[in-house]
Amino acid sequence: MKKLLPFFSYFFHPIFIPLVGTLLYLLFNADFFPAGSAYLLIFQILIITVFLPMAFFYLLKTFGKVDTIMLSDVNQRKIPLLLQMILTMVLITQSITVDRFPELHYFFFAGLITTFIAFALLFLKVKSSIHMIGISALTYFVIGLSMHNQLNMIYTIATLFLVTGFIASSRLYMKAHSINELIIGYVIGMVPQLAFWYFWL
């Protein structure tokens, strides 16, 4: 089992969380969006939250600013998190606007707040687990969708909690984080999502 744990750190890397959240949002709201609109949204998310950050990461790696995609060093996290905030701002102001995709808009808006908190903590030399940030934000977004759409999504939610446990175990096994860093990451991923429920539930 221990040999499988690192798999969860890579397969559930936080760079994929915006895409997964978007796919789940479209899946549980399929009747409200034509296929063309859904595909365009997915394409935009892929470009802005996956391809651009990956290209920027390899650029930083070329210049020796980062070593691995896990960004284990506190100082190496500052530029990627700043870039993430900028790209998220572009999304929520130009593409995922509150009038077009209200639930998804607040998911990304809460993610922006979370990223800012994680970024600010770096200046206090506090490293939060970005993996836990991502999975906790996704989990509470899906719980919100379940209540908002009055759908029984218990199996999806239970799976997300199970995955959370595996990711936490993976990060500890890989010695990437302490328990406190995992808890900090989980809390700052969860709280903004819960706070923004007020606007869309």
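Residues numbered from 1 in each chain as written. Predicted model: local features only at pLDDT ≥ 70, side-chain atom pairs only at ≥ 80, totals over all residues. Heavy atoms only, no water.

Caption draft 1: Molecular detail of helix H8 (residues 179–200). For H8, which comprises 22 residues, the first-to-last C-alpha distance of 32 Å matches the rise-based estimate of 32 Å (1.5 Å per residue) to within 8%. Among all positions of H8, only Glu-181, Leu-182, Gly-185, Tyr-186, Ile-188, Gly-189, Met-190, Pro-192, Gln-193, Phe-196, Trp-197 and Trp-200 are buried. Where H8 is buried, its residues meet helix H5 (102–122), helix H6 (130–149) and helix H7 (154–173). (Helix = DSSP H or I, 4+ residues; strand = E, 2+ residues; numbered from the N terminus. Expected span 1.5 Å × (residues − 1). Buried < 20%, exposed > 50% of the residue type's maximum accessible area, 1.4 Å probe, protein only. Contact = heavy atoms within 4.5 Å.)

Caption draft 2: Region of interest: the environment of His-177. Tracing the chain through its elements places His-177 in the loop between H7 and H8. Taking the relative accessible area as the measure of exposure, His-177 reaches 7% and is therefore buried. With 21 residues separating them along the chain, His-177 and Tyr-198 place their C-alpha atoms 32 Å apart. A polar atom in the side chain of His-177 sits 3.1 Å from the side chain of Glu-181. (Polar contact = N/O pair within 3.5 Å; in protein donor to acceptor, adjacent residues only side chain to side chain.)

Caption draft 3: Fine view of the packing of aromatic side chains. This model, assessed by the stated rule, comprises 12 aromatic pairs. On the basis of an interplanar angle of 35° and a centroid distance of 5.2 Å, the ring pair of Phe-109 and Phe-196 is categorised as tilted. With a gap of 87 residues between them, Phe-109 in helix H5 and Phe-196 in helix H8 connect regions that are remote in the sequence. For Phe-109, a relative accessible area of 28% gives the class partly exposed. Residue class for Phe-196 comes out buried when judged on its relative accessible area of 12%. Their ring planes at 45° and their centres at 5.6 Å tell us that Phe-196 and Phe-199 sit as a pair that is tilted. With Phe-196 and Phe-199 both in helix H8 and 3 residues apart, this pair spans about one turn of that helix. Given a relative accessible area of 49%, Phe-199 falls into the partly exposed group. (Phe/Tyr/Trp six-rings, centres within 6.5 Å; stacked < 30°, edge-to-face > 60°.)

Caption draft 4: Up close: the nonpolar core. Counting 54 residues, the largest nonpolar core has Tyr-25, Ile-96, Leu-104 and Phe-108 as its most contacted members. Broken down by secondary-structure element, the contributors of at least two residues to this core are helix H2 (17–27), helix H3 (35–62), helix H4 (78–95), H5, H6, H7 and H8. If you tally residues by element for this core, the top one is H6, at 11 residues. The contacts of Ile-96, once residues within four sequence positions are left out, are Leu-41, Ile-45, Leu-91, Phe-101, Leu-104, His-105 and Phe-108. (Core = buried A, V, L, I, M, F, W, Y, C linked by side-chain atoms within 4.5 Å.)

Caption draft 5: The packing of H5 against H6, seen in detail. It is the contact of H5 with H6, at a shortest axis distance of 11 Å, that shows an interaxial angle of 155°. Considered as vectors, H5 and H6 are oriented roughly antiparallel to each other. Classified by chirality, the crossing of H6 by H5 is right-handed. Two secondary-structure elements touch here, H5 through Glu-103, Leu-104, Phe-107, Thr-114 and Ala-118 and H6 through Ile-133, Ala-137, Leu-138, Phe-141, Leu-145 and His-148. Among the residues making up the contact of H5 with H6, the classes are represented as 8 nonpolar, 2 polar and 1 charged. (Axes fitted to C-alpha atoms, helices over the stretch in contact; angles between N-to-C directions. Parallel < 35°, antiparallel > 145°, perpendicular 65-115°, else oblique. Left-handed = near helix turned anticlockwise from the far one by under 90°. Nonpolar A, V, L, I, M, F, W, Y, C, P; charged D, E, K, R; others polar.)

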